[in-house]
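For reference, the chains in residue letters:
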Amino acid sequence: MRGSIIYFVIADMAQINDMYQNALQFVKSLFNKAIDASAQGDGTQESRLENLIKTITSMIFTNISRGLFERDKLIFSFLICTSIDRNSGKIQPVSWNLLLRGTATISENDKKKQPPNPLAKNILTDLAADLVWSAEVVCPDSYGGLTQSFKDNEAVWLDWATCEKPQIDPLPLDWNSKLTDFEKLILLKAFRPEKLAFAFQIYVLNNMGKFFIESQSATMEVVYADTDYKTPLIFILSTGADPTEML
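Residues numbered from 1 in each chain as written. Predicted model: local features only at pLDDT ≥ 70, side-chain atom pairs only at ≥ 80, totals over all residues. Heavy atoms only, no water.

Undergrad: Please explain the packing of helix α4 (residues 70-88) against helix α13 (residues 196-208) as it appears in this structure.
TA: How two helices sit against one another is set out by the angle between their axes and by the gap between those axes. At a closest axis distance of 9 Å, the pairing of α4 and α13 adopts a crossing angle of 55°. Between α4 and α13, the crossing angle belongs to the class labelled oblique. Crossing of α4 over α13 shows left-handed handedness. Contact with α4, carried on its side by Leu 74, Ser 77, Phe 78, Ile 80, Cys 81, Thr 82, Ile 84 and Asp 85, involves Ala 197, Phe 200, Gln 201, Tyr 203, Val 204, Asn 207 and Met 208 of α13 and no other residues of that element. Partitioning the contact of α4 with α13 into residue classes produces 10 nonpolar, four polar and one charged. (Axes fitted to C-alpha atoms, helices over the stretch in contact; angles between N-to-C directions. Helix = DSSP H or I, 4+ residues; strand = E, 2+ residues; numbered from the N terminus. Parallel < 35°, antiparallel > 145°, perpendicular 65-115°, else oblique. Left-handed = near helix turned anticlockwise from the far one by under 90°. Contact = heavy atoms within 4.5 Å. Nonpolar A, V, L, I, M, F, W, Y, C, P; charged D, E, K, R; others polar.)

Encoded structure:
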């Protein structure tokens, strides 16, 4: 299951850049190498499976990351992390759609019930207020009463919305414990979308570890070991790059 989850993330990366296309055969070869390289554990099935999942995830991530531009590596990590959480049910489809696409489709009746934007438009735009209201409608157990909370505690929400690091600072009142880490990202998108990239990094760090947010450097010896007579090593050089010494 873990191998198929990661493969479909790899396939989706081609939508970001055509250069990120990876053949299924190549991913399968990495998968098989990871199986051979994983530790046996203490002899129990649970230990063996845990080691397999860990090795498969880290080895495929490392190899695919080498072919990504630096700006896209966090996207790759975040997609792996959220795909795992979506498959396990930790992230609900409606929450994923809210983060990905913004305002959810709601009925005309629910739209008519939407109260006016309770905060200043330079703090919460009308479009962001629509996102919050649609979240309340489609996820009432998580976001129910949020708009009213804005209205009743304007100063508290203003302090959080204008703080230096809202991706780190806890949400006001009891909302920090009420919402999951992923659900908090939707509020950050409404108030401070420019901080989302930092929040994605924290989300990956907390759920998968530091390894998946660090650049994976590799020596020529390591890279060469992953090649064979059917898997060539291709260098794409930017202007001014000279790999002569490495070679």
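Undergrad: Can you help me understand the environment of Gly 102 in this one?
TA: Summarising the element assignment, Gly 102 is placed in the loop between α5 (93-101) and α6 (108-113). Along the sequence, Gly 102 and Arg 71 sit 31 residues apart, while their C-alpha atoms lie 23 Å from each other. Setting aside anything within four residues of it in sequence, one finds Gly 102 in contact with Asn 97, Leu 131 and Lys 189.

Undergrad: Explanation requested: the environment of Glu 194 in the structure shown.
TA: One can find Glu 194 in the loop between α12 (181-191) and α13. The class of Glu 194 is partly exposed, set by a relative accessible area of 47%. (Buried < 20%, exposed > 50% of the residue type's maximum accessible area, 1.4 Å probe, protein only.)

Undergrad: What's the story with unusual backbone geometry in this structure? I'm lost.
TA: Outside of glycine, negative phi angles account for most residues, and trans bonds account for most peptide bonds. Of note in this structure, Leu 173 is not a glycine but carries a positive phi near 55°. Mapped onto the secondary structure, Leu 173 falls in the loop between α10 (154-161) and α11 (175-178). Here Leu 173 falls in the partly exposed class, since its relative accessible area comes to 49%.

Undergrad: Before we go on, may I ask you to explain the state of the cysteines in this structure?
TA: Defined simply, a disulfide is a covalent bond joining two cysteines at their sulfur atoms. The final tally for this structure, using the stated rule, is zero disulfides. In this structure Cys 81 is a free cysteine whose sulfur lies 19 Å from that of Cys 139, the closest cysteine sulfur available. Cys 81 gets classed as buried once you look at its relative accessible area, which sits at 1%. (Disulfide = S-S within 2.5 Å.)

Undergrad: I'm lost on a nonpolar patch on the surface in this one. Help?
TA: On the surface, Met 19, Phe 69, Ile 234 and Ile 236 cluster together into a nonpolar patch covering about 440 Å² of accessible area. Mapping Met 19 onto the fold places it in the loop between α1 (2-13) and α2 (24-37). Among the residues examined, Met 19 registers a relative accessible area of 43% and is labelled partly exposed. (Patch = residues over 30% accessible without salt bridge, like charges linked within 9 Å, V, L, I, M, F, W, Y side chains within 5 Å. Areas by Shrake-Rupley, 256 points an atom, 1.4 Å probe, with all protein chains shown as cover. Salt bridge = Lys/Arg side-chain N within 4 Å of Asp/Glu carboxyl O.)

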